[in-house]
Amino acid sequence: MGEHNPEREHEERLKGGSSASGVGAYLLHRAKPHLPPWLGVGALGVAGGAAHLAWADSAAAGVGLTLSSVALTGVTWWAGRSTSPQRRVHSAVTVACGSAWLTAAALAGPLTGPLPDAYLMGGPALALSWNVRMVMRRNPEGGQSTDKGLLEKVGLAKTQLGTAKVEPNRVTVPYALPQGETNDKVSKALPSIASALDVPVTAVRNRPDPESARRGVFTVVPVDMLREVIWWPGPSSPGGSISEPLVIGVYDDGTPLQLTLPQALHLLVMGVTGAGKTEGALDVLAEVLTRRDVAVWLSDPKCGQDLGDVFPACDWVVQDGDGAALMIEALKGVIPARQGWLGAHGYRSWEPAAAEAQSDPRHSCRKDGTACGCPGMPYLVAWFEEAANTLRAVDDDAFTGIAQEARSAGISLVVSMQRASGYQISTDTRASLPAALCFGVDERDAGFALPSDVLEAGANPGAWSNKRPGYCYLVAAGVEEERWVTPSRTYRNDPVALEWVAREFAPIRMGVDPVTAKAAASVAGTAYTDRDRPGTQTTEAAVSTEEQRVEEPLVDPEDAGIDPEADLPPADDSPFLPADSRTELTKEEAREVMERLLEQWEREGRMVVGPRDFLAHSEEIGRKPTWIKNQVRDFRREGRLAETSETGRYRIVPALTPA
Ligand SMILES: Nc1ncnc2c1ncn2[C@@H]1O[C@H](COP(=O)(O)OP(=O)(O)OP(=O)(O)O)[C@@H](O)[C@H]1O
């Protein structure tokens with residue numbers, strides 16, 4: 001085995017052959033392991049006497065013995081380089097003293113001058129020092145044998161452990177597996193180690209050494225410091241840049257959980273229902289919305305149930321599937337526009353300086369090289385909450401294309417869903433979201449959210465499910481790899497805090513830039529241009545509007561004379577239909593009705609429509625369904641409608657908004 005085991009060596013020495021019996025035999029038996037240094041001292045004395053008889057008058061022997069003494073000491077020092085420093089010094093000093101005495105005794109005689117005293121005092125002292133050393137090395141109760149016992153229990157018996165580093169609530173121990181075994185074996189043994197130590201499975205993890213297949217470091221965090229709810233302490237960098245880390249929670253050793261969005265790029269937020277995705281979203285958004293150089297587009301199919309407090313701080317919010325599809329189309333439109341602007345201003349990718357007014361001649365779009373003064377371009381975060389349905393509805397490749405291009409356009413996508421399984425999200429789309437914030441998941445789904453090496457190193461979100469809300473792993477560029485397997489917990493947030501963020505930081509947040517706004521409007525038309533704009537509709541304005549609403553009667557001026565209790569007049573539900581006709585219209589008339597419907601929808605900002613929206617008006621159109629569907633196809637051909645990523649849904653190409 002070649003393994004160094006002081007306990008076993010001691011046993012072997014004790015069991016070695018011995019012929020004495022009785023008390024003397026017992027004493028000899030116990031003393032035996034300690035005899036070699038004393039035998040060495042005795043042998044040295046005899047050698048000193050013999051050498052004197054042989055070389056007392058020889059000058060050459062004097063030179064030879066002195067040189068041998070120096071050489072032997074040097075060799076001892078050299079040979080001891082692989083042992084501990086103490087052992088090396090101890091051995092060299094012993095050899096130096098012994099050989100010096102031998103030389104002196106050979107030349108002058110062992111009983112001359114101080115030599116006998118030196119022998120009688122120095123010899124036992126040196127022998128004893130080796131005996132003490134041996135006693136100290138034997139420590140049957142010591143850590144190593146306990147560790148060995150534990151490692152044997154979990155099938156890692158031959159693993160060697162290095163010196164443990166003990167910090168408050170964290171122990172790290174380097175390990176080396178025997179040659180021929182690999183770190184996979186340690187990964188598999190982690191749950192058993194947790195069981196042997198009686199700690200949660202997530203408390204034990206290993207970090208393989210990237211330079212070695214059989215070495216690494218175990219980390220054990222015995223006490224779960226995340227049990228207590230930790231409330232959001234407030235913005236980490238109010239008025240700072242989005243390029244600074246967002247602080248969204250804490251790791252189990254109390255250090256802050258940080259996410260730098262432009263570095264992480266696109267983020268998948270995953271967790272079973274109740275695992276804490278929404279709370280995590282609020283943490284990220286609360287931080288993002290306190291930064292000066294970022295705009296947020298938010299798709300929230302839950303219609304503000306949880307995220308409503310941040311709506312006023314977002315540049316654009318959509319709340320249904322069609323809105324999400326339109327936002328995806330708009331993103332496709334703004335990416336080249338933003339790339340073009342950044343390129344024209346000398347930015348290879350977005351950086352905080354791109355968000356400032358362009359006063360630096362090095363970032364000028366002017367040919368003459370003078371500063372152009374163009375308004376800056378904020379970073380854009382496009383957040384898709386509850387994205388499973390959206391992704392299922394849109395073409396698989398829609399997100400992939402956006403994700404690949406978005407980096408150079410200064411855009412991060414955030415996609416939140418319960419399961420990022422192959423059924424919900426294509427492998428390509430999953431691969432294009434490089435960062436993951438993974439809350440508790442079903443054990444079988446962990447592989448969709450986290451890379452396999454992170455799971456092998458001990459990350460185990462399946463152990464939490466929704467029993468530990470807010471517990472998460474963050475795997476992202478900009479986060480140390482060691483942290484990828486470290487459990488953390490997001491802050492608990494408070495609607496009042498979010499409302500405060502939306503209101504207080506409104507003057508700090510920059511509005512969206514003209515390039516992005518124009519590109520978005522050219523795709524989404526009034527759905528974008530007529531959105532509730534946080535820049536203009538500050539919370540103060542919203543509050544005064546709200547007060548006005550309370551004071552004013554809830555009736556339009558033209559309806560003021562109508563008696564709400566009176567019977568309704570007979571229904572006339574055909575606003576586009578010529579009064580005389582309930583029969584089939586001419587093709588021209590029917591087309592005109594459909595064009596007017598398109599205009600009306602565009603005015604209302606309802607920019608994604610499909611045949612079924614027209615068919616709902618088939619009576620007004622006055623033609624058969626097949627004709628109506630063919631007319632929709634003609635609109636597509638003529639460019640009034642454009643394909644979206646969703647089958648059967650088309651985007652109205654804005655005619656009312658200047659592109
Ligand atoms: N970091 C946290 N600290 C303490 N409690 C939390 C934390 N995160 C979430 N919770 C609690 O867990 C509950 C569920 O969280 P949340 O609504 O964020 O889950 P979810 O994953 O978004 O669920 P769903 O998918 O159903 O919307 C919250 O009401 C909150 O009480």
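Residues numbered from 1 in each chain as written. Predicted model: local features only at pLDDT ≥ 70, side-chain atom pairs only at ≥ 80, totals over all residues. Heavy atoms only, no water.

Moving on: the sheet that holds strand β6 (residues 246-251). Across the sheet, 10 strands lie side by side as β7-β6-β15-β14-β13-β8-β12-β11-β9-β10; this open sheet has mixed pairing. The strands lining the two open edges of the sheet, one partner per strand, are β7 (256-259) and β10 (316-318). Within this sheet the neighbouring strands show an average axis-to-axis angle of 25 degrees, counted without direction. Direction of pairing for strand β8 (residues 267-270) relative to strand β12 (residues 411-417): parallel, over a ladder of four bridges. The partner of methionine 270 across the bridge, within β12, is methionine 417. (Pairing = 2+ DSSP bridges. Helix = DSSP H or I, 4+ residues; strand = E, 2+ residues; numbered from the N terminus. Axes fitted to C-alpha atoms, helices over the stretch in contact; angles between N-to-C directions.)

What follows covers the site of the ligand. Around the ligand there are 18 residues in total, and Thr273, Gly274, Lys277, Thr278 and Thr490 lie nearest to it. In the environment of the ligand, an oxygen atom lies 2.9 Å from a nitrogen or oxygen atom belonging to the backbone of glutamate 279. Here an oxygen atom of the ligand and a side-chain polar atom of lysine 302 are 2.9 Å apart. Here the ligand, which alone exposes 620 Å², has 78% of that area covered by the protein. Every element with two or more residues in the shell around the ligand is listed here: α10 (277-288) and β15 (488-490). For the shell around the ligand, the element with the highest residue contribution is α10, accounting for three residues. (Near = heavy atom within 4 Å. Polar contact = N/O pair within 3.5 Å; in protein donor to acceptor, adjacent residues only side chain to side chain. Areas by Shrake-Rupley, 256 points an atom, 1.4 Å probe, with all protein chains shown as cover.)

In summary, soluble globular proteins display a tendency toward joint burial of nonpolar side chains. By size, the foremost hydrophobic cluster in this structure holds 132 residues, and its most contacted members are Trp297, Leu331 and Phe614. Here the element with the most residues in this core is helix α11 (residues 321-344); it accounts for 10 residues. In terms of domain composition, this core takes at least three residues from each of domain 3 (255-328 + 378-507) and domain 4 (584-659). The residues touching phenylalanine 614, leaving out its near neighbours within four places in the chain, are Met594, Leu597, Leu598, Trp601, Val609, Ile621, Ile628, Val632 and Phe635. Among the nonpolar cores identified, the runner-up in size contains 16 residues, and Leu150, Leu151, Val186 and Val199 belong to it. (Core = buried A, V, L, I, M, F, W, Y, C linked by side-chain atoms within 4.5 Å. Buried < 20%, exposed > 50% of the residue type's maximum accessible area, 1.4 Å probe, protein only. Domains from an automatic or database assignment. Contact = heavy atoms within 4.5 Å.)

On to the sheet that holds strand β16 (residues 608-609). Read across the sheet, three strands follow the order β16-β18-β17 without closing on themselves; strand pairing throughout is antiparallel. Each of the sheet's edge strands pairs with one partner strand only, and the pair in question is β16 and β17 (641-643). Sheet topology note: the β16/strand β18 (residues 650-652) ladder contains two bridges and is antiparallel. Across the sheet, residue valine 609 finds its bridge partner in β18, namely tyrosine 650. Of the strands in this sheet, β16, β17 and β18 touch helix α22 (residues 587-604), which is tilted by about 80 degrees from β18.

Our next topic: the pattern of salt bridges. A full pass over the atoms with the stated rule returns 26 salt bridges. Between glutamate 386 and lysine 302 there is a salt bridge, with its nearest N and O atoms 3.7 Å apart. Of this pair, glutamate 386 sits in the loop between β11 (379-384) and α12 (387-393) while lysine 302 sits in the loop between β9 (294-299) and β10, and the two are 84 residues apart along the sequence. Accessibility expressed as a relative area gives 28% for glutamate 386, which makes it partly exposed. Overlapping salt bridges bring together Arg170, Arg207, Asp253, Glu482 and Arg483 as one network. (Salt bridge = Lys/Arg side-chain N within 4 Å of Asp/Glu carboxyl O.)

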